[in-house]
Amino acid sequence: MKRQKKSSEAFPKAAREPETKRKHTIRKVISLVKRLDPFLLPLIITTRLAASTTPFVTIFFSSRILDQLIEHAEFGIIMKSVLIMVVTSTLLNLTRWALEIFAGLRKQMITERIHQMICEKSFEIDYEILERNETLDMVHRAKEGMQSRGDLGAFCDLLASCIEHICTIIYAAVLLLPLFLPKASASLSDSAPLSGAAAILNQWYSFVFLLLSMGLCLWITSFSNRRIAQVQQADFEVNVRSNRLVNYFNQLVYNYQQGKYIRLYKMQDMILDEIGKNMQEIENVDKKTIRKFRLLTCLNLSSYFLLQLSSYIYIGLKAIYSLISIGSTMRYVSTYQKLAQSIGNVFGVFIQINISSKYLAYFYDYMEISNNRYAGTIPLEKRDDGEYEIEFRNVSFHYPNSDVMVLSHVNEKLTLGQKMAIVGKNGAGKSTFIKLLCRLYDPTEGEILLNGVDIRYYDYKEYSALFSVVFQDFNLFFFSIAENVASSAEYDEDRIRDCVAKAGFGERLAALPDGIHTNIYQQEEHGIEISGGEAQKLAIARALYKDAAWVILDEPTSALDPISEYEIYQHFNELVKDKTSLYISHRMSSCRFCNKIYVFEDGRIVQRGSHDELIQDAGGLYYKLWNAQAQYYNMA
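## Some thoughts on the environment of V57
Phase 1 of the analysis: Along the chain, V57 turns up in helix α3 (residues 40-70).
Phase 2 of the analysis: Look at V57 and you get buried, because its relative accessible area is 11%.
Phase 3 of the analysis: A sequence separation of 35 residues divides V57 from L92, and the C-alpha atoms of the two residues are 9.6 Å apart.
Phase 4 of the analysis: In this structure V57 touches M85, T88, S89 and L92, once residues within four positions along its chain are discounted.

This is how it looks when you write it as structure tokens:
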């Protein structure tokens, strides 16, 4: 059965076409926020309602107090207005302050939960998809987008601020309404009727002057804000790869485990040059962005100046012609500016929501990556003897982002219950063979069968439980020895000690005050550093602890000293007992005790058999590999 590579099926369309509009993002965000914290949006909206009310309390009562002072009102009446203004403003500010504290904490919790979701998604993605360049760029966009302008809390603030500005517009419109109503008894003096400019200003249609100036200002502001958002978006897109590289190289600077290689091989200048080169690329983009921002900022300032000028001319003339009171003048000027700013802010918020939705779409693009791997539903047959027949049938494979076949038309049945070895030159396909066997990847062509059934149809978790694997690029983590060996926070302490001892780490363990509870590496207090050989022993102990039917060791002793290597091989049969074992090694002498040896060359199995059988073929690759190493063993 031929399987074609699905290079793009796993990725949502938006991820492959960044300019495509992300539809329904706002609806998705609101739904996600409600699911993560149903109280956050109501809390933020209430906070913004209090914020929108506060300035109008001050504007209204300030103008009223000024008129009372001009009219020589009684002291008690004036103080009553002052007291109402101060108490109301204080209560609104205290309410807003308290709500902002609670909302801030909840927004922080949502941000942390989003990053946790990104981590959880990364663990769920197929291994072969996760290592692709497209995926690495997508996860960077998702994380950086959230940290820049795609933060959920900030997005909720945008939605709430839209409500705040709408409320401000309503308040302002109510307060401004008397400004446009004709004053019936208005006159320049007690006897002379209004004429000329005063008469025009006293008509309801005089507001057209303010409307036109406001419309022009809003158009300028909307245009400049839209362009600013587009420039920021373009800047983010251009710098994705450079930012990811800078983050990588910056981590090298602070990674003490890799610091010894950097110092010994004098790599500091090379790393700093790479950081500098990528930072220069980012800086060049930012410089262009700043130049564009300057022009757009000037446009915004000019529109604001025009707005102020028009309001002062219109309202000032009305005050001069006694069409409004002195106190009302201050109220109307402040209210009109609030109205214009709020209308402009509404447009600006919609622009920001549109841009933020694009940043948030990066998060949804990443979360919507689908796995190519069929999870399988068939339960694995439980066998007391642990014997499972695995067959590679015409299997070929190439890695993502490459068309070079690493394995080519491999056909082999693995006889289980035996000790098997895989040998060959570097790049022959040995480790890839193991990765396919463990189903970290699916074949590009052909199929792998377990007891006659394609392994893709078996339940993935049950199938993967068959294998205990130690890869040559194994990793230990910043947990205790016990947690590293058990790969879990729950474990059998006696089994941990037994497996650690069998793997040759017993003496070092006995010298540790906290024993198996000792933390590895110095990320935690009292953490210890371990050598490469000791780490490899713990990796082998982890494979033994899993107690799987298969034990696969990829270069299991590459970091061990000769004595430790000898001990591992001497006790190898005891370590794996009756299990099937398969390991890769460049040290040909370690293959002698195996029942069957597979010799790989250029992605194919070119020889198979025991050591005694293969060594008889003087023209074979195994014979050449054996003798190439034997000459060093035989040197005096």
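Here the narrative resumes, following the displayed structure.
## As for the sheet that holds strand β8 (residues 580-584)
Phase 1 of the analysis: The six strands are arranged β6-β7-β8-β3-β9-β10 in an open sheet whose pairing can be described as mixed. In this open sheet, the two strands that pair with only one neighbour each are β6 (467-470) and β10 (604-609). Each adjacent strand pair in this sheet contributes to an overall mean axis angle of 15°, direction not counted.
Phase 2 of the analysis: Bridging between strand β9 (residues 596-601) and β10 involves five bridges; their strand directions are antiparallel. Bridge pairing links F600 to I605 in β10.

## Some thoughts on unusual backbone geometry
Phase 1 of the analysis: The phi dihedral of R439 is positive, around 65°, even though this residue is not glycine.
Phase 2 of the analysis: On the secondary structure map, R439 appears in the loop between α14 (430-437) and β4 (445-450).
Phase 3 of the analysis: Classification of R439 as buried rests on a relative accessible area of 1%.
Phase 4 of the analysis: If you check the backbone angles, D547 has positive phi at about 55° while not being a glycine.
Phase 5 of the analysis: Residue placement: D547 occurs in the loop between α19 (532-546) and β7 (550-554).

## Focus: the environment of V253
Phase 1 of the analysis: Considering the arrangement of structural elements, one finds V253 in helix α10 (residues 240-254).
Phase 2 of the analysis: By relative accessible area, which is 45% here, V253 ends up partly exposed.
Phase 3 of the analysis: The spatial distance from the C-alpha of V253 to the C-alpha of Q268 is 8.5 Å, given a sequence separation of 15 residues.

## As for the sheet that holds strand β2 (residues 407-414)
Phase 1 of the analysis: Here four strands make up an open sheet; going across it, the order is β2-β1-β4-β5 and the pairing antiparallel. Single-partner strands in this sheet number two, and they are β2 and β5 (453-454).

## Some points on α14
Phase 1 of the analysis: Counted residue by residue, α14 has eight buried out of eight residues, so it is predominantly covered.
Phase 2 of the analysis: Every buried residue of α14 is listed here: K430, S431, T432, F433, I434, K435, L436 and L437.

## Things to note about the packing of aromatic side chains
Phase 1 of the analysis: Per the counting criterion, the structure on display carries 10 aromatic pairs.
Phase 2 of the analysis: Judged by centre distance (4.2 Å) and plane angle (20°), the ring pair of F392 and F433 falls under stacked. On the criterion of sequence distance, the pair formed by F392 in strand β1 (residues 390-397) and F433 in helix α14 is long-range, its members being 41 residues apart.
Phase 3 of the analysis: Assessed through its relative accessible area of 0%, F392 is described here as buried.
Phase 4 of the analysis: Overall, the relative accessible area of 2% leaves F433 in the buried class.
Phase 5 of the analysis: Taken together through their ring pairs, the aromatic side chains of F392, F433 and F600 make up a single cluster.
Phase 6 of the analysis: Taking NZ or CZ as reference, R495 lies 4.0 Å from the ring centre of Y545, over its face.

## Re the confidence of the model for the protein
Phase 1 of the analysis: In this model, the protein carries an average pLDDT of 78, and 85% of its residues clear a pLDDT of 70 or more.
Phase 2 of the analysis: Confidence drops under a pLDDT of 50 for residues 1-8, and excluding neighbours within four residues, the segment shows 25 contacts in the predicted structure.
Phase 3 of the analysis: Here residues 14-22 is modelled with pLDDT under 50, and outside its nearest four sequence neighbours on either side it reaches 11 contacts, counting other chains as well.

## Points about the pattern of salt bridges
Phase 1 of the analysis: Following the criterion strictly, the structure yields 15 salt bridges and no others.
Phase 2 of the analysis: Between E447 and R393 there is a salt bridge, with its nearest N and O atoms 3.6 Å apart. Here R393 lies in strand β1 and E447 lies in strand β4, a separation of 54 residues in the sequence.
Phase 3 of the analysis: Classification of E447 as buried rests on a relative accessible area of 14%.
Phase 4 of the analysis: By relative accessible area, R393 is classed as partly exposed at 37%.
Phase 5 of the analysis: Between R456 and D454 there is a salt bridge, with the nearest N and O atoms lying 3.0 Å from each other.

## Considering the packing of helix α9 (residues 207-238) against helix α12 (residues 268-320)
Phase 1 of the analysis: Where α9 contacts α12, the axes come no closer than 9 Å and their chain directions differ by 165°. The orientation of α9 relative to α12 falls into the category roughly antiparallel. Once α9 is placed against α12, the crossing between them reads as left-handed.
Phase 2 of the analysis: Here the residues of the contact of α9 with α12 sort into 17 nonpolar, 10 polar and four charged.

## Some thoughts on a nonpolar patch on the surface
Phase 1 of the analysis: On the surface, F209, F305, L309, I313, L317 and I320 cluster together into a nonpolar patch covering about 570 Å² of accessible area.
Phase 2 of the analysis: Positionally, L317 belongs in helix α12.
Phase 3 of the analysis: Overall, L317 belongs to the partly exposed group, its relative accessible area being 31%.

## Some points on the layout of surface pockets
Phase 1 of the analysis: What the largest pocket holds in volume is close to 2,400 Å³.
Phase 2 of the analysis: Lining the largest pocket are 48 residues, and of these F123, Y127, L440, N475 and F477 lie nearest its centre.
Phase 3 of the analysis: Sorting the residues of the lining of the largest pocket by element identifies α4 (75-124), α5 (127-130), α6 (133-148), α10, α15 (460-464), β6, α16 (481-486) and α19 as the ones contributing at least two each.
Phase 4 of the analysis: Considered class by class, the residues forming the lining of the largest pocket number 25 nonpolar, 10 polar and 13 charged.

## Description of the pairing of β8
Phase 1 of the analysis: Summarising burial for β8: five of the five residues are buried, a large majority.
Phase 2 of the analysis: Of the two faces of β8, both are covered, the one formed by T580, L582 and I584 as well as the one formed by S581 and Y583.
Phase 3 of the analysis: By the bridge criterion, four bridges tie strand β3 (residues 419-424) to β8 in an arrangement that is parallel. Residue M420 lies in a different strand from β8, and its bridge partner there is L582.
Phase 4 of the analysis: Looking at chain direction, β7 and β8 are connected through five bridges and run parallel. From the neighbouring strand, I552 faces β8, where its bridge partner is L582.

What counts and how
- Residues numbered from 1 in each chain as written.
- Predicted model: local features only at pLDDT ≥ 70, side-chain atom pairs only at ≥ 80, totals over all residues.
- Heavy atoms only, no water.
- Helix = DSSP H or I, 4+ residues; strand = E, 2+ residues; numbered from the N terminus.
- Buried < 20%, exposed > 50% of the residue type's maximum accessible area, 1.4 Å probe, protein only.
- Contact = heavy atoms within 4.5 Å.
- Pairing = 2+ DSSP bridges.
- Axes fitted to C-alpha atoms, helices over the stretch in contact; angles between N-to-C directions.
- Phe/Tyr/Trp six-rings, centres within 6.5 Å; stacked < 30°, edge-to-face > 60°.
- Lys NZ or Arg CZ within 6 Å of the ring centre and 35° of its normal.
- pLDDT = per-residue confidence, 0-100.
- Salt bridge = Lys/Arg side-chain N within 4 Å of Asp/Glu carboxyl O.
- Parallel < 35°, antiparallel > 145°, perpendicular 65-115°, else oblique.
- Left-handed = near helix turned anticlockwise from the far one by under 90°.
- Nonpolar A, V, L, I, M, F, W, Y, C, P; charged D, E, K, R; others polar.
- Patch = residues over 30% accessible without salt bridge, like charges linked within 9 Å, V, L, I, M, F, W, Y side chains within 5 Å.
- Areas by Shrake-Rupley, 256 points an atom, 1.4 Å probe, with all protein chains shown as cover.
- 1 Å grid on protein atoms, 1.4 Å probe; cavity = no way out; pocket = protein on both sides within 12 Å on 5 of 7 lines; lining within 4 Å.
- Points joined across faces, edges and corners; volume = space filled by probe spheres on them.

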